[in-house]
Structure formats: C-alpha cells, structure tokens
Amino acid sequence: MKAQIISIQVGQIQSYVMHRYGDVGKTWSTAFYKQPVNRPVIVERSGIEGDAQADRKHHGGVDKAVLVYAQEHYRAWAAEYPHLSFSPGGFGENLTVAGLNEETVCVGDVYRIGNVLVEVSQPRTPCWKISERWQAPSLTDSVRKTGRTGWYLRVRAPGVIAAGDALELVDRVHPDLSISLLNDLLFGRVPKSKAVLDVLQSCPALADGWRSGIPELRMK
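Residues numbered from 1 in each chain as written. Predicted model: local features only at pLDDT ≥ 70, side-chain atom pairs only at ≥ 80, totals over all residues. Heavy atoms only, no water.

Quick word on the overall build of the protein chain
Counting its secondary structure elements, the protein chain contains seven helices and 13 strands. Taking 17 Å as the expected radius of gyration for a compact globule of 220 residues, we find that the protein chain reaches 17 Å, a close match to that expectation. Oriented by its inertia axes, the alpha-carbon framework of the protein chain measures out at about 45 × 40 × 35 Å. Residues classed as buried in the protein chain amount to 49% of the 220 residues present. (Helix = DSSP H or I, 4+ residues; strand = E, 2+ residues; numbered from the N terminus. Rg over C-alpha atoms; globule rule 2.2 N^0.38 Å. Buried < 20%, exposed > 50% of the residue type's maximum accessible area, 1.4 Å probe, protein only.)

Quick look at the layout of surface pockets
The volume enclosed by the second largest pocket comes to roughly 150 Å³. Looking at the second largest pocket, the residues that line it are Glu 72, His 73, Asn 101, Glu 102, Glu 103, Thr 146, Gly 147, Arg 148, Ser 180, Asn 183, Asp 184 and Arg 189. At the level of secondary structure, the elements contributing two or more residues to the lining of the second largest pocket comprise α1 (72-80) and α4 (179-186). Sort the elements by how many residues they give to the lining of the second largest pocket and α4 lands first, with three residues. For the lining of the second largest pocket, the residue count by class is no nonpolar, six polar and six charged. (1 Å grid on protein atoms, 1.4 Å probe; cavity = no way out; pocket = protein on both sides within 12 Å on 5 of 7 lines; lining within 4 Å. Points joined across faces, edges and corners; volume = space filled by probe spheres on them. Nonpolar A, V, L, I, M, F, W, Y, C, P; charged D, E, K, R; others polar.)

Remarks on the pattern of salt bridges
Taken as a whole and assessed by the stated rule, the structure comprises 12 salt bridges. Here Asp 141 and Lys 145 are joined by a salt bridge, their closest N and O atoms 3.0 Å apart. Here Lys 145 and Asp 141 lie together in helix α3 (residues 139-146), a separation of four residues that amounts to about one turn. With relative accessibility at 60%, the residue Lys 145 sits in the exposed group. Overlapping salt bridges bring together Asp 63, Glu 119, Arg 154 and Arg 156 as one network. (Salt bridge = Lys/Arg side-chain N within 4 Å of Asp/Glu carboxyl O.)

Section: the pairing of strand β5 (residues 41-44)
Side chains Val 41 and Val 43 of β5 all project onto a buried face; the interleaved residues Ile 42 and Glu 44 project onto a face where none is buried. One ladder, built from three bridges, connects β5 with strand β12 (residues 159-161); its direction is antiparallel. What sits directly across from Val 43, in β12, is Gly 159. Bridging between β5 and strand β6 (residues 47-48) involves two bridges; their strand directions are antiparallel. (Pairing = 2+ DSSP bridges.)

Quick word on the sheet that holds strand β13 (residues 168-171)
Spatial strand order, β4-β1-β8-β7-β11-β10-β9-β13: eight strands in an open sheet with mixed pairing. Bordering the open sheet on either side are β4 (35-36) and β13, each of which pairs with just one other strand. Those strands touched by α1 are β7 (66-70) and β8 (95-98), and its axis lies near 60° from that of β7. (Contact = heavy atoms within 4.5 Å. Axes fitted to C-alpha atoms, helices over the stretch in contact; angles between N-to-C directions.)

A short note on the pairing of strand β10 (residues 116-123)
With respect to burial, β10 is a largely interior element, eight of its eight residues being buried. Bridge analysis of strand β9 (residues 110-113) against β10 gives four bridges, and the strand direction is antiparallel. Pairing of Arg 112 across the sheet is with Leu 117, part of β10. Here β9 folds back onto β10, and the loop between the two strands holds two residues, one of which, Gly 114, carries a positive phi near 60°.

Side note on the packing of aromatic side chains
Going through the model one piece at a time under the given rule, you end up with eight aromatic pairs. Geometry around Trp 77 places Arg 148 over its ring, the cationic atom sitting 4.4 Å from the centre. (Phe/Tyr/Trp six-rings, centres within 6.5 Å; stacked < 30°, edge-to-face > 60°. Lys NZ or Arg CZ within 6 Å of the ring centre and 35° of its normal.)

As for the side chain of Asp 63
Looking at the secondary structure, you find Asp 63 in the loop between β6 and β7. With a relative accessible area of 18%, Asp 63 lands in the buried category. At 3.1 Å, the side chain of Asp 63 forms a polar contact with the backbone nitrogen of Asp 208. Leaving out residues up to four positions away in the same chain, Asp 63 has contacts with Ser 121, Tyr 152, Leu 153, Arg 154, Ala 207 and Asp 208. (Polar contact = N/O pair within 3.5 Å; in protein donor to acceptor, adjacent residues only side chain to side chain.)

Concerning the environment of Arg 156
Mapped onto the elements of the fold, Arg 156 is located in strand β11 (residues 151-157). On the accessibility criterion, Arg 156 (40% relative accessible area) is partly exposed. Distance in space between the C-alpha atoms of Arg 156 and Arg 133 is 31 Å, their sequence separation being 23 residues. Leave out the neighbours within four places in its chain, and Arg 156 touches Arg 45, Val 110, Leu 117, Val 118 and Glu 119.

A short note on the state of the cysteines
Taken as a whole, this structure holds zero disulfides when the rule is applied. The closest cysteine sulfur to the non-disulfide-bonded Cys 106 is located on Cys 203, 10 Å from its own sulfur. On the accessibility criterion, Cys 106 (2% relative accessible area) is buried. By relative accessible area, Cys 203 is classed as buried at 1%. (Disulfide = S-S within 2.5 Å.)

Everything listed is a geometric property; what it means functionally is a separate question.
The following block contains the structure:
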C-alpha cells in the first residue's frame, strides 16, 4: 500500500475536568484533542503551525515535533472498544497515515512529504491522557500491550504538507531498529540484548530523551 497522509490534525491548549486519574474533579490542561485541518499546513522544525503542547517537559521539542499514527489501528480499536467513536486524531496524533505502522517504520528513516523532509526519532510512550481522553481506564495499557503507540518525527527540512501527500522513504540507515522493536524493549517483551542497546546508545537519530534512558533499560 502506498504510504500517504490520510488526515492532518492540530490542537490548542484547553482545560478539562479530570474524571479518572489523579484528583477527580481537578482541572487539567492539554492539547491532546486534535482537530482535522482541511488545507495545506506549514511544518517547521518545532512542529506543525497551529499545534501546541501543554506539557512541554514530555511533549514537543525538535525530537518530538510531529506525532504520527497508523490509520489501520483505528479498525482494531473500533472492534475492541465498540462503544467509543474513534476517528483520526483520536490518539493525539498530528498525522494519520496509511501504508506505515510500527513494524515497518525504523528509527532514522527519512521521508519526503511534499517539500518537507522528516526523520523518525522515537516511539510515542503512551501516558494516562489517552485513557482520560476517552474515559476508558484500560486504553493506555492496551496501547502499550498492542504496540499501537505511534511514533515521532523531527523536521530536517521545513515546508508545506497536505492530506493526500505521499510519504516517500529516501533513506534507511537502521533497518533493524523498528519502532516495534523499541516498544518491545521498553515494555519488556523481548530480551534486552547488549548488542542492540549498544547500537541504540550510539544511534544519532534516536531522540536524546530515549538514549538517556538506555542505562536504566540495561539494569532492568
């Protein structure tokens, strides 16, 4: 299947009342609720114009400028959570894409989208906000267990993209470092091979935040 953008989403910071996590009734702020943009958008090194992040410690920055999610996952989620009305952007992603998933995308992959160049930097680490967004206590854990996490891009060459644009793979330097493998390492589903961890530690394409956590992975 041709890899292409199905939908582009952005979100601004808004406040909501917490129902499931932390202090019930407490107000929390997030830009997780992304809305489709039906026009070309400017992509800068910091992310997509018009998009925001409330928690800048854990989200955003050049290594996590754009969040991508596989369209195919929505069919699985709809079957597993039939009472929820999932649609593109439902997992907080900026780009919903066809033809790519965590098994076929590798750290360091460089894609051309229109006149933009992006590089895969790391998996998305699922947090409590997914469950809070959908009022589904098991959902964040299901994302971890299934590996349907999505992944982040850094922007190597800014420009303009639009829904329908193809994602053309122009460079793959780490074919053995799939997003799926990194998820499995992080969540303990595969043995923590010293050789693989050594490769990750020295991989310049891997986000700094992920590389800094490798010593902890070695000890687990």
